[in-house]
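# Descriptive structure summary
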Amino acid sequence: MGRRKSEIDAFLATEERWRVVQDDRGGATRLEGPARLLGPTEKEYLFDLRMDVPAAFPARGADPEVVILKSPMPLAEDAHVGANVCVQMPPAHEIDYERVGLVGFLQQVLIHLRRSTIQALTGEYPGPAYAHGEAGKKEFREELVASFPVGLQRFVQPGLGMPPDNQWCPCGAERRFRDCHKPELKAARAAYIEAGGRVRAVNRERLKKKT
Ligand SMILES: [Zn+2]
Ligand SMILES: [Zn+2]
């Protein structure tokens, strides 16, 4: 695909020590190269990385897969960076590759690597973190629900209908729902589903009883 090739060419022009090791590996182009970062005490840490860039890159969701080939220290498996770098975070943290390109992707990887290095040195992961994969998505959904006033929390999980437009908003403010939390709640429900949230039949039943 032309878009991916021009992204990779732009990347190689910036990152001179990176190279293509395999051009088409089940549709992905494999690159390898070093990543240098400064630790908490200005000491330099050097990693060797491998990156498989899928054919659909830079489409949304076409995440490159990153593997650490050489690390100056063992990194925690449950952080966002372990033996395999995972940048497939919940929607709020998705990377817009159309905008940032492969160069921007590597910067994100470096941010994770730096945080993981600090975690390995100090025992604490700095900055926002979600666990890997499904567990991380669950954490994200729980945070999303908790970010709403109590009266609205049960509506974040899609499966319950939205409150009626003209009813007072369940948040407790004396405003109609449509003039209060409606847009926010709509966006949250979409994010909830995108983060792997399921519409549960049990909620539909509960709704029927309530109405
Ligand atoms: Zn992860
Ligand atoms: Zn409200």
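An account of the accompanying structure is given in this report. (Residues numbered from 1 in each chain as written. Chains lettered and ligands numbered in written order. Predicted model: local features only at pLDDT ≥ 70, side-chain atom pairs only at ≥ 80, totals over all residues. Heavy atoms only, no water.)

### Section: the nonpolar core
- In this structure, Leu31, Phe47, Leu49, Met51, Leu102, Phe105 and Leu113 are the most contacted members of the largest nonpolar core, which totals 23 residues.
- Of all elements in the fold, only α1 (2-14), β2 (28-38), β3 (44-53), β4 (65-70) and α2 (97-122) reach the threshold of two or more residues within this core.
- Sequence-distant contacts of Met51, defined by excluding residues within four places in its chain, comprise Phe11, Trp18, Thr29, Arg30, Leu31, Pro64, Glu65, Val66, Leu102 and Phe105.
- In this structure, Val156, Phe177, Tyr192 and Ala195 belong to the second largest nonpolar core, which totals 15 residues. (Core = buried A, V, L, I, M, F, W, Y, C linked by side-chain atoms within 4.5 Å. Buried < 20%, exposed > 50% of the residue type's maximum accessible area, 1.4 Å probe, protein only. Helix = DSSP H or I, 4+ residues; strand = E, 2+ residues; numbered from the N terminus. Contact = heavy atoms within 4.5 Å.)

### Here's the deal with the packing of α1 against α2
- Orientation of α1 relative to α2, taken along the N-to-C sense of each, is 45°, at an axis distance of 9 Å. Between α1 and α2, the angle falls in the class oblique. Relative to α2, α1 is oriented so that their crossing is right-handed. Of the residues in α2, those in contact with Arg3, Glu7, Ile8, Ala10, Phe11 and Thr14 of α1 are Glu98, Gly101, Leu102, Val103 and Leu106.
- A class-by-class count of the residues in the contact of α1 with α2 yields six nonpolar, two polar and three charged. (Axes fitted to C-alpha atoms, helices over the stretch in contact; angles between N-to-C directions. Parallel < 35°, antiparallel > 145°, perpendicular 65-115°, else oblique. Left-handed = near helix turned anticlockwise from the far one by under 90°. Nonpolar A, V, L, I, M, F, W, Y, C, P; charged D, E, K, R; others polar.)

### Re the coordination of the zinc ion (ligand 2)
- Within the protein, the atoms that donate to the zinc ion (ligand 2) are Cys169 (SG), Cys171 (SG), Cys180 (SG) and His181 (ND1), at distances of 2.0 to 2.3 Å.
- As a motif over one chain, the donors of the zinc ion (ligand 2) read C-x1-C-x8-C-H. Linking Cys169 in the loop between α4 (150-156) and α5 (182-194) with His181 in the loop between α4 and α5, this pair joins segments that are 12 residues apart in sequence. You'll find Cys169 and His181 in the same group, each marked buried. (Donors = N, O, S within 2.8 Å, 3.2 Å for Na, K, Ca; no water.)

### What about the pattern of salt bridges?
- Tallied over the full model, the rule gives 10 salt bridges.
- The partner of Asp52 in a salt bridge is Arg30, with the nearest N and O atoms 2.8 Å apart. Placement of the pair is Asp52 in strand β3 and Arg30 in strand β2, with a sequence separation of 22 residues.
- Looking at Arg30, the relative accessible area reads 11%, which means it is buried.
- The salt bridge involving Arg50 is made with Glu32; its shortest N-O contact spans 3.1 Å. Placement of the pair is Arg50 in strand β3 and Glu32 in strand β2, with a sequence separation of 18 residues.
- Taken together, the shared-partner salt bridges connect Arg19, Glu32 and Arg50 into one network. (Salt bridge = Lys/Arg side-chain N within 4 Å of Asp/Glu carboxyl O.)

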